[in-house]
Amino acid sequence: FGSPRKVVCFGNVLLDRVVKLDDPELLVRYKLDLGSKGELDLETLNKLTTEAANGSSCLSKPGGSAFNTVRILKHLGTEAQFFGAVGDDKTGEHLRSIIAERQIEARLQTIADVHTGQCVCLMHNDNPTLYANIGASAKFSLQQLKQVASHDSQSFLRPIERKQIIYVEGFFVPQRDEIIKYILRDLVRERRHLAVNLSAPYIVRQHPDTMLELARRALFVFGNRQEFEQLATEAGCQSVDQLGQQLLEAGNPKILLVTNGASGVQLITNYVEEREPAGEPRFEDYRAQRAEQVVDATGAGDSFVAGFLHGWLEKRSLGECVRLASTVAAKVVTQVGCNLP
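The rules behind the values
Residues numbered from 1 in each chain as written. Predicted model: local features only at pLDDT ≥ 70, side-chain atom pairs only at ≥ 80, totals over all residues. Heavy atoms only, no water. UniProt positions renumbered as here; feature names shortened; annotations may be inferred. Helix = DSSP H or I, 4+ residues; strand = E, 2+ residues; numbered from the N terminus. Rg over C-alpha atoms; globule rule 2.2 N^0.38 Å. Buried < 20%, exposed > 50% of the residue type's maximum accessible area, 1.4 Å probe, protein only. Contact = heavy atoms within 4.5 Å. Pairing = 2+ DSSP bridges. Axes fitted to C-alpha atoms, helices over the stretch in contact; angles between N-to-C directions.

Per an unreviewed UniProt entry, the recorded name for the protein chain is Adenosine kinase, and the organism is Drosophila rubida. The record in UniProt for the protein chain states the following under Catalytic activity (unreviewed entry): "adenosine + ATP = AMP + ADP + H(+)". Under the UniProt heading Sequence similarities (unreviewed entry), the entry covering the protein chain gives this text: "Belongs to the carbohydrate kinase PfkB family."

Quick look at the structure:
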């Protein structure tokens, strides 16, 4: 691995299987809500995928939220690095070969006796329903991470006086208390900024303390309206605006990005400039970039993150970063999978 990258992402790497559903009846049978996200045991997940595909082809590709962000960052010209774990199985081998082929920088731990994570994305009327079993990802080893971090020739960390973003997807939080503590205690400081993605309302609901702690420590907090509403509830706030006010009151510079599909983006911030103290709170609304034709909305949020961080690293204004992020997301939803045309 070459010199440390400006963005380091922690997440679950999964083999995604995308299936188009003509009829949502299958979801009803499995008691799943259209457009929901969650986790299933492997047996149910495989049964669901087989029934959904029903003999027709289902597209397999590497996925996972932070992994998608790394891929789009690379496409935009910002070198990023991904940390995750795969099993010692055929799926893991398959993922590694695709990642090597696409020249994506990924440091993947191999976990014996556990299957590689998988996700099924059921598309119905452009509305993705996502269910995963994260498998080996849940066994990501803190010890291995510490070894790499402290090893001079392999370390992924830039010196603290140089700008770097440590990005954590919410899906990475379950079962990883020690790793999150380590990231907050040992990795994030000075110009090593934390970025966090809320990922899904159920993640926020099941891990309220960790998610609030991450939101308090982060410079960047990404999420959609429902995820921020859940975080507001957990923080005892009546609204997202009140939550924003509460998070900004701590006095640290903070950039909250609340995406709301076709309704646009709300920016809640007190950020002035890097290394400057926090300024006055600002609440700004941005119109959404219209997508020509929505083909697959999965990855819209992940690509929005990539566009925003890319813009920020290029020292663009926050307004420009929001517009760039919206443009990137609007292009990605015209493609199958999280890809730029």
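1. Things to note about the overall build of the protein chain
Per the secondary structure count, the protein chain includes twelve helices and 14 strands. Computed over the C-alpha atoms, the radius of gyration of the protein chain is 19 Å, within 12% of the 20 Å expected from 2.2 N^0.38 for a compact globule of 341 residues. Seen through its principal axes, the protein chain has C-alpha atoms that stretch 60 × 45 × 40 Å. Out of the 341 residues belonging to the protein chain, those deemed buried represent 57%. Residue pairs at least 24 apart in sequence account for 72% of intrachain contacts in the protein chain once pairs closer than 6 positions are excluded.

2. Describing the sheet that holds strand S7 (residues 116-124)
An order of S3-S8-S7-S2-S4 is seen for the five strands of this open sheet, with the pairing classed as mixed. Sheet topology places strand S3 (37-39) and strand S4 (59-63) at the edges, where each strand pairs with a single neighbour. Looking at each pair of strands side by side, their axes are set apart by 25° on average, direction ignored. Note: strand S2 (residues 14-20) against S4, five bridges, orientation antiparallel. Bridge pairing in S4 places Leu 14 opposite Gly 63. Each of S2, S7 and strand S8 (127-135) touches helix H2 (residues 42-53); the most contacted strand, S7, lies at about 40° to it.

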